[in-house]
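# Structure assessment
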Amino acid sequence: MATGQTLSRLLPMTTQVCLLTLFTLSAAVPFNPKSLRADHSNHLQYHHQQQQEALADVEEQLFPSLSQIESTSNNINSLQQPQQQEAAAAPVSYAGYKLFKTDVQEQLFPVVDSLDVEAGVEVWSCRKKGRSNHYEMDLLTPPHAVSEVRQVFIESNVTYQEVIDDLQRAINMEGTTDEFIIWNRPAHPMNWHNYHTLDEMYQYMDYLAAEFPQLVTVEDIGMSFEKRPLRVVKVSTGGPAVKPIIFIDGGIHAREWVSPATALFILHRLVEFGWQEPQLLDRFDWFIMPMVNPDGYVYTQKHDRLWRKSRSNLKSSPLCSGVDLNRNFGFKWSTGGSSPQPCSSVYAGPEPFSEPESRALRDILLKNKKQLKIYISLHAYSEMWLLPYAYTDAEKPNNYGDIYNVSVMGVETIRNTSGHDYRLGQAAEILYRASGNTMDYAHSIGIPFTFSLELRDKGKFGFILPKEEIEPTGREFFQAMKTVSEEVYQKLQATSTG
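Residue positions within a chain follow its written sequence, with the count starting from 1. Per-residue local features of the predicted model are confined to residues with pLDDT of at least 70, and side-chain atom pairs are confined, for both listing and counting, to 80 or more; whole-chain, interface and lining totals are unaffected and use all residues. Side-chain metrics rest on all non-hydrogen atoms present in the structure, leaving aside hydrogens and water.

- If you look the chain up in an unreviewed UniProt entry, it shows as Peptidase M14 domain-containing protein from Petrolisthes cinctipes.

### Here's the deal with the sheet that holds strand β10 (residues 384-387)
- Here eight strands make up an open sheet; going across it, the order is β5-β6-β8-β7-β9-β12-β10-β11 and the pairing mixed. With partners counted over all chains shown, the strands left at the sheet margins are β5 (216-223) and β11 (423-426), one partner each. The sheet shows a mean angle of 20° between the axes of neighbouring strands, taken without regard to direction.
- The pairing of β10 with β11 spans four bridges and is classified as parallel. When the sheet's bridge partners are listed, M384 is paired in β11 with R423. Here, any two strands with at least 2 DSSP bridges between them count as paired. Comment: elements are numbered from the N terminus, with helices defined as DSSP H or I runs of at least four residues and strands as E runs of at least two. Where helices are involved, their axes are fitted lines through C-alpha atoms of the stretch in contact, as for all axes, and angles between N-to-C directions lie from 0 to 180°.

### Section: the environment of F247
- Within the element layout of this structure, F247 appears in strand β7 (residues 245-249).
- Taking the C-alpha atoms as reference, F247 lies 6.2 Å from I374; in sequence the two are 127 residues apart.
- Filtering out sequence-adjacent residues up to four positions away, F247 remains in contact with V232, F287, M289, L361, I364, L365, L372, I374, Y375 and I376. Contact between two residues is taken to exist if any of their heavy atoms lie within 4.5 Å; hydrogens are not considered.

### Observations regarding the pattern of salt bridges
- Within this document, salt bridges are pairs made up of a side-chain nitrogen of Lys or Arg and a carboxyl oxygen of Asp or Glu, the two lying within 4 Å of each other. One pass over the structure, following the stated rule, counts 26 salt bridges.
- The partner of R150 in a salt bridge is E162, and the shortest N-O contact between them spans 2.6 Å. Within this pair, whereas R150 is found in helix α7 (residues 146-155), its partner E162 is found in strand β4 (residues 159-164), the two being separated by twelve residues in sequence.
- In this structure, D295 and R228 form a salt bridge, with 2.8 Å as the shortest nitrogen-oxygen distance. With D295 in helix α12 (residues 294-302) and R228 in the loop between β5 and β6 (229-235), the pair connects residues that are 67 residues apart, well separated along the chain.

### Examining unusual backbone geometry
- In this structure, the amide linkage connecting A380 to the following residue, Y381, adopts the cis form with an omega of 15°.
- Note that Y381 resides in the loop between β9 (372-380) and β10.
- The step from P388 to Y389 runs through a cis peptide bond, and the omega angle for that step is 5°.
- Residue placement: Y389 occurs in the loop between β10 and α14 (400-418).
- Even without being glycine, S334 reaches a positive phi, approximately 55°.
- Looking at where S334 falls in the secondary structure, it is placed in the loop between α12 and α13 (356-367).

### Section: the packing of helix α9 (residues 198-211) against helix α10 (residues 258-272)
- With their axes 12 Å apart at the nearest point, α9 and α10 run at an angle of 15° to one another. It follows from the interaxial angle that α9 and α10 lie roughly parallel. At the point where α9 passes α10, the crossing takes the left-handed sense. Contacts between α9 and α10 involve M201, Y204, M205, Y207 and L208 from the former and P260, L264, L267, H268, V271 and E272 from the latter.
- Residue classes follow a fixed rule: Ala, Val, Leu, Ile, Met, Phe, Trp, Tyr, Cys and Pro count as nonpolar, while Asp, Glu, Lys and Arg count as charged, and any other residue, Gly among them, counts as polar. Residues belonging to the contact of α9 with α10 are distributed by class as follows: nine nonpolar, one polar and one charged. Angles are sorted into four bins: roughly parallel if under 35 degrees, roughly antiparallel if over 145, roughly perpendicular if 65 to 115, and oblique for all others. By convention, the crossing between two helices is left-handed when the near helix turns anticlockwise from the far helix through less than a right angle, and right-handed when the turn is clockwise.

### Here we look at the nonpolar core
- The biggest cluster of nonpolar side chains holds 73 residues, and the ones touching the most others in it are W124, L167, I248, W286, I376, W385 and F451.
- Here the element with the most residues in this core is α10; it accounts for nine residues.
- Not counting the four nearest positions on each side in its chain, L167 is found in contact with Y94, Y97, W124, L140, L306 and I464. Definition of nonpolar core: a set of buried residues of the types Ala, Val, Leu, Ile, Met, Phe, Trp, Tyr and Cys, connected through side-chain atoms within 4.5 Å. Burial status follows relative accessibility: with a 1.4 Å probe on protein chains alone, a residue under 20% of its type maximum counts as buried, one over 50% as exposed, and anything between as partly exposed.

### Observations concerning the environment of H144
- Assignment of secondary structure puts H144 in the loop between β3 (134-141) and α7.
- Look at H144 and you get partly exposed, because its relative accessible area is 30%.
- Placed 48 residues apart in sequence, H144 and G96 show a C-alpha to C-alpha distance of 8.9 Å.
- Each polar contact in these results corresponds to two N or O atoms within 3.5 Å; when the atoms are within protein, one needs to be able to donate a hydrogen and the other to accept it, and residues that are neighboring in sequence are counted only if both atoms are side-chain atoms. For H144, the side chain forms a polar contact with the main-chain oxygen of A119, separated by 3.4 Å.

### Notes on the UniProt feature "active site" (unreviewed entry) in the chain
- UniProt annotation of "active site" (unreviewed entry) refers to E454 when read in the numbering used here.
- Locating E454 in the fold gives a position in strand β12 (residues 449-455).
- Ignoring anything within four residues of it in the chain, the contact list for E454 reads H379, A380, Y381, S382, E383, M384, L386, Y422 and L431.
- Within polar-contact distance, the side chain of E454 engages the backbone nitrogen of A380 at 3.3 Å. UniProt positions are given in the numbering used here, feature names are shortened, and annotations may be inferred rather than shown by experiment.

### Thoughts on the side chain of H303
- Mapped onto the fold, H303 is located in the loop between α12 and α13.
- Assessed through its relative accessible area of 17%, H303 is described here as buried.

### Here's the deal with α10
- What a helix is expected to span follows from its residue count: subtract one and scale by 1.5 Å. For α10, spanning 15 residues, the distance from its first C-alpha to its last is 20 Å, which sits close to the expected 21 Å at 1.5 Å a residue.
- With respect to burial, α10 is a largely interior element, 15 of its 15 residues being buried.

### Describing the sheet that holds β4
- The four strands are arranged β2-β3-β1-β4 in an open sheet whose pairing can be described as antiparallel. For this open sheet the edge positions go to β2 (122-128) and β4, each flanked by a neighbour on one side alone. For this sheet, the mean angle separating the axes of adjacent strands, direction not counted, is 20°.
- Examined bridge by bridge, strand β1 (residues 98-105) and β4 share five bridges and lie antiparallel to one another. Among the inter-strand pairings, L99 is bridged to a residue of β4, identified as I164.
- Across the sheet, α7 is in contact with β1, β3 and β4; its angle to β1 comes to roughly 20°.

### What about the environment of G274?
- Among the structural elements, G274 can be located in the loop between α10 and α11 (278-283).
- Judged by relative accessible area, which is 10%, G274 ranks as buried.
- A sequence separation of 59 residues divides G274 from L215, and the C-alpha atoms of the two residues are 10.0 Å apart.

### A word on the packing of α10 against helix α17 (residues 470-497)
- Between α10 and α17, the least distance of the axes is 9 Å, while the angle of their chain directions is 60°. Accordingly, the angle class assigned to the pair α10 and α17 is oblique. As for the relative orientation of α10 and α17, their crossing is right-handed in sense. In contact with V258, A261, T262, F265, I266, R269 and L270 of α10, α17 contributes I470, E471, T473, G474, R475, F477 and F478.
- For the contact of α10 with α17, the class distribution of residues is eight nonpolar, three polar and three charged.

Structure below.
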């Protein structure tokens, strides 16, 4: 059974308060994989309802009044010593955490669900295997639960393999810098052999705008909750002709580091090597927002590598920080695949567009929606090319056939470029439901071709993708974008002449 000490290694302090109560509640009914209910969907629904009710009770007990909390918080802050404040900001350690890749039949979902609650296991990814009822699940397991989890796998006949022996060791390797890899450009430190800080990313954007003023414009479209600029880089040859726009964003989920790195690689190829592919800039203007969630990204580099959400403070739940920005958009908001609980990693927020980051992205999409023809949001991981809708698998966009056909070409290009086989399909069908997401919202405002990509890998490293994979990921996606832009351009031409 999980303890407070164990949770402190797995979760931010804001999350522990709510979840500790859930662990206490679950202790009253020990998990027995041999006595699972036949109807697993009812089991999951019942369990989810218990979680929601328990969390609501916790918040009611913990938060009697905001004035009391603020007073207590002020008193604590005034008593804290500098050493205590420094200790509170110490990075979260994942020493001894293991990542298991499993092959789970649908009827065994309650097994994983119970491990999530009782043992502190986190489901990193769940991928349906073709049309079968088998799923690949990647499970992050804390040290205290490794023996229990292995025993449950054996008793339930779940096939598994250990793909990461020690997560903290993998994180340490990911963060090292190859000092000998230096571009002969003193104005910026950017390369695609390392992960970079937010400041380095912004420095590179400023460098491009200064070196290529006829091509690049950097626009601050807003400020994050912690007052960091939200930047979009516009790449355009200019001229009197109004061109269609391709919009690419990354970094909406903080821990998915390869996402902003890939967006920056696309920017690099369009600007610094645009002469090699002149049709890309002749036919389209490109808007690239590499970092939608700068606060969360900085937090992953300084405190908790696995943090997912934004970093906003919520008056309705002072002990839990952040909103899942990819559940905060105002199309089918909070209708499934998200949570109303602030401590959840998929918390949808108190209302649509409650966050400055989601409002800024919304506004620039609305401002340019007449010219916007392609919208792509970059995520990680699982190597999937996802199509709308994500909020439901019971409905598809009217132009789903066109979206699908263009995507087939993109997936084939990646396969031909690198050999990596991205799975293609409707997001809610092959991954999971996610209401209030950016892809569905972008399509709802009239952008005809919207996609969401889950980049490398398929679970060997998961979110802790080695830095050696950054450039290959960028290259395969850039080749896919060349194909997709060509296909969409031809469709637009056919429509305009028809």
